[in-house]
Every structure is written in structure tokens, then in C-alpha cells.
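Inside the fold
Residue strings, one per chain:
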Amino acid sequence: MASALLEIENMEVAFMLGNKAYPALQQISFKVGEKETVGIVGESGCGKSLTSLSVMGLLPETAAITKGGMTLDGKPLASGSAQEWSGVRGKLVSMIFQNPMSALNPLMPVGKQIAEMTRTHLGVSKQEGKRLALDMMGRVGLSRVDRLYDDYPHQLSGGMMQRIMIAMALVCSPKLLIADEPTTALDVTIQAQILDLLRDMNRELGTAILFISHDLGVIREVCDRVIVMYAGYIVEDAPVGDILERPKHPYTAGLLQALPSVGKRGRPLYTIPGRVPPLADRGTGCPFAGRCPSATDLCEAVAPELTETSPDHRVRCHLYADGGRAV
Ligand code: SF4
């Protein structure tokens with residue numbers, strides 16, 4: 001991996017309900033290298049979006065980082081004041097969301113919204129802001145940008161709005177882009193175009209990408225490396241090829257089995273039985289034990305540690321507790 005741009009070390013994030021803290025993320029440690037594309041995959045409630053909101057300093061009011069922390073480009077983030085965070089967002093890290101319509105201001109022309117980003121974060125003149133906005137609109141594949149600059153969000157298609165969001169996120173040349181389910185609301189053809197665009201932007205601008213998705217099929221299109229999360233823990237972390245060809249954790253294997261493919265046409269799609277345990281109902285054992293075909297008494301009683309099975313592959317499962325092959 002290239003030198004670490006984002007480094008998260010033993011982070012815990014908890015929700016405070018009454019006087020009680022409910023950890024929603026535990027023992028989160030990973031790095032994203034310069035220009036690297038890393039995917040975080042898991043079902044709803046696994047903690048992938050909460051991880052990205054922690055990096056953006058956008059945790060909900062009821063949640064807080066209760067252990068560990070992170071650095072971005074060598075700068076400590078977790079303890080930063082609101083002012084420090086605003087210096088980081090946009091310039092060092094920016095984010096695109098699933099639904100661009102709810103992230104864009106419906107009352108402001110889209111081009112102006114991009115230009116405003118440069119005025120806020122780069123302190124450029126109005127004219128320079130417009131020039132940068134038009135340039136970035138062209139780079140993300142939008143045409144007739146002079147006319148489009150003055151259009152309002154409701155005048156654009158879903159795919160065009162997502163391109164505007166990407167332009168807005170990249171116009172200040174951040175080192176890290178967080179893309180949280182950016183294609184989930186789009187139809188399949190537009191989804192493929194947006195994934196192509198993100199890959200191109202990574203190559204052309206050198207922006208590292210942290211790509212959040214529930215869909216391993218989408219992640220494999222964009223990412224070099226995949227982090228699989230379950231019930232607030234990292235359960236597997238490996239290069240994308242290893243995850244697809246040699247998944248180790250039973251949850252990762254289940255996610256792969258649930259992927260549609262030509263060979264499975266006509267057969268009902270596999271779904272992992274059961275559901276992610278709710279926050280208030282997470283015991284002391286492996287959180288996947290209730291759904292795992294390989295669970296033993298040990299799994300019910302003791303939570304496994306994240307173990308290195310090779311220099312670039314980590315897995316949290318008793319089957320690999322010796323760091324080697326499954327027993
Ligand atoms: S620790 Fe046990 S229950 Fe958890 S994933 Fe591994 S085999 Fe399954």
C-alpha cells in the first residue's frame with residue numbers, strides 16, 4: 001500500500017441512550033493509502049456509514065468517538081473543534097451521498113453551488129470560482145456546461161445530479177473522497193457510468209476513495225481493497241481479488257453467495273438467514289454466531305480477534321485464530 005492518507009486506530013463509536021453507552025463500532029483499525037480505493041461492505045446496521053460519518057466529523061448528536069482516533073494526512077481528526085473540521089471538509093476530505101436531491105440546495109443553480117464550495121474552502125474570487133466549477137463540470141462528463149451552470153437541481157436527471165455532486169465533492173481537490181452508496185438510487189446503466197467516472201477521477205486526479213456499499217458486486221468494480229463489516233466490527237480486510245476468490249469469513253462467503261450471476265439465472269437468490277443483531281442485543285460471543293453455519297460453543301461464548309492470515313489479509317473468526325488455514 002502507498003503511504004497512509006487516512007489511518008484509523010482502534011476506534012470505538014457509541015450511542016448514548018439515557019446513561020448507557022451502546023458501542024456501535026468497536027476496534028476499528030484500518031488505513032487508506034494515497035490514491036487507493038477501499039470499499040467498505042456490509043448489510044444495514046453493520047456500521048459502514050457510521051464509519052464514514054466519523055471520518056467526516058458528522059456523527060449524529062447522540063453518538064461520539066469513545067476510544068481511539070484517526071489521522072488524515074498526518075492531522076489528528078477525532079478531537080478537532082468544529083472550526084478544525086470545517087478546515088478539513090471539502091479541502092482534505094469530501095463526501096457524496098446516495099440521494100443527491102437531498103444534498104443539493106433546491107433554490108440555488110447547480111453551477112453556483114459548486115462555485116460556492118471553492119469560495120468557502122479555497123477563498124477564491126467569484127470569477128475564479130465559476131471558472132473552476134465549469135472546468136470540473138466538464139471533467140465529470142457533463143455537456144453544455146455554460147447552460148447547465150444556471151439550471152436548478154429539479155431540472156436535472158438523477159445521473160446528472162450525481163455528477164454535479166461528484167463535481168462539488170472534487171472541485172477543491174480533496175485527497176480523500178467518501179462515496180456512501182452513490183449509485184444505489186440510480187438505474188443500472190447510469191450506475192455503471194457513475195462507477196466508471198469514479199474510477200477515472202481516481203486515476204486522473206489521484207483522489208483516494210473510500211467507497212461504502214451493501215453490494216459487493218459494485219465494490220468489485222471500483223476498489224483495490226475491501227473491508228467487510230458486521231455488527232460494528234471489521235470481520236475481514238483483504239485485496240478485492242482475494243475476497244472474491246478466497247473469502248475466509250463465513251459472513252463474506254455468504255455475501256458472495258448472495259451475488260447474482262449468469263450461472264445462477266433461474267434459481268432463487270441466496271440470502272443469509274437471520275438479521276444483524278440490534279445494538280442493545282449484542283452479547284459477548286461472535287456477533288455472527290446466530291447466523292453462521294460453522295458456529296461452535298466457543299463462538300457463542302468468546303468474541304474472536306482480528307487476525308492476520310497473511311500480510312495483507314485480516315479476518316475475525318475463530319476458524320482462523322491461529323492465523324493460518326481454517327480448521
Ligand atoms: S467465530 Fe464462529 S460464529 Fe463467528 S464467524 Fe467464525 S465460525 Fe462463525
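These figures come from a predicted structure and were not determined experimentally.

Brief notes about empty space enclosed by the protein
- All told, the structure shown has one cavity of 30 Å³ or more when counted by the stated rule.
- A volume near 30 Å³ is recorded for the largest cavity.
- Taken together, Y230, V235, H249, C286, P287, F288, P304 and R316 form the lining of the largest cavity.
- Residues of the lining of the largest cavity, tallied by class, amount to six nonpolar, one polar and one charged.

A few points about the domain arrangement of the protein chain
- We note that the domain assignment places domain 1 (4-92 + 174-270) and domain 2 (100-173) within the protein chain.
- Put simply, the middle of domain 1 and the middle of domain 2, counted by C-alpha atoms, are 25 Å apart.
- Listed as interface residues are 18 residues of domain 1 and, on the opposing side, 15 residues of domain 2.
- Summed over both sides, the interface between domain 1 and domain 2 buries roughly 1,300 Å², with carbon and sulfur atoms accounting for 71% of that surface.
- The tally of links between domain 1 and domain 2 comes to zero salt bridges.
- Between the two partners, domain 1 and domain 2, sit three residue pairs in polar contact (both at pLDDT 80 or more).

Quick word on the site of the ligand
- As a structural note, the neighbourhood of the ligand is formed by 13 residues, with C286, C292, C299, C317 and H318 the closest of them.
- For the shell around the ligand, the residue count by class is 10 nonpolar, three polar and no charged.

Notes on the packing of helix α4 (residues 110-122) against helix α7 (residues 158-170)
- Contact geometry for α4 and α7: axes closest at 8 Å, N-to-C directions at 20 degrees. When the interaxial angle is binned, α4 and α7 end up roughly parallel. The handedness of the crossing between α4 and α7 is right-handed. Contact with α4, carried on its side by V110, Q113, I114 and M117, involves I164, A167 and M168 of α7 and no other residues of that element.

Let's talk about the pattern of salt bridges
- Overall, the coordinates contain 14 salt bridges when judged by the stated rule.
- Here E221 makes a salt bridge to R199, at a shortest N to O gap of 3.9 Å. Placement of the pair is E221 in helix α9 (residues 216-222) and R199 in helix α8 (residues 188-205), with a sequence separation of 22 residues.
- A residue is classified by how much of its surface remains accessible, and E221, at 40% relative accessible area, is partly exposed.
- In this structure, a network of salt bridges that share partners links the residues E36, R225, D237 and R314.

Quick notes on the rules
- Residues numbered from 1 in each chain as written.
- Predicted model: local features only at pLDDT ≥ 70, side-chain atom pairs only at ≥ 80, totals over all residues.
- Heavy atoms only, no water.
- 1 Å grid on protein atoms, 1.4 Å probe; cavity = no way out; pocket = protein on both sides within 12 Å on 5 of 7 lines; lining within 4 Å.
- Points joined across faces, edges and corners; volume = space filled by probe spheres on them.
- Nonpolar A, V, L, I, M, F, W, Y, C, P; charged D, E, K, R; others polar.
- Domains from an automatic or database assignment.
- Contact = heavy atoms within 4.5 Å.
- Buried area = accessible area lost by both parts, 1.4 Å probe.
- Salt bridge = Lys/Arg side-chain N within 4 Å of Asp/Glu carboxyl O.
- Polar contact = N/O pair within 3.5 Å; in protein donor to acceptor, adjacent residues only side chain to side chain.
- Near = heavy atom within 4 Å.
- Axes fitted to C-alpha atoms, helices over the stretch in contact; angles between N-to-C directions.
- Helix = DSSP H or I, 4+ residues; strand = E, 2+ residues; numbered from the N terminus.
- Parallel < 35°, antiparallel > 145°, perpendicular 65-115°, else oblique.
- Left-handed = near helix turned anticlockwise from the far one by under 90°.
- Buried < 20%, exposed > 50% of the residue type's maximum accessible area, 1.4 Å probe, protein only.

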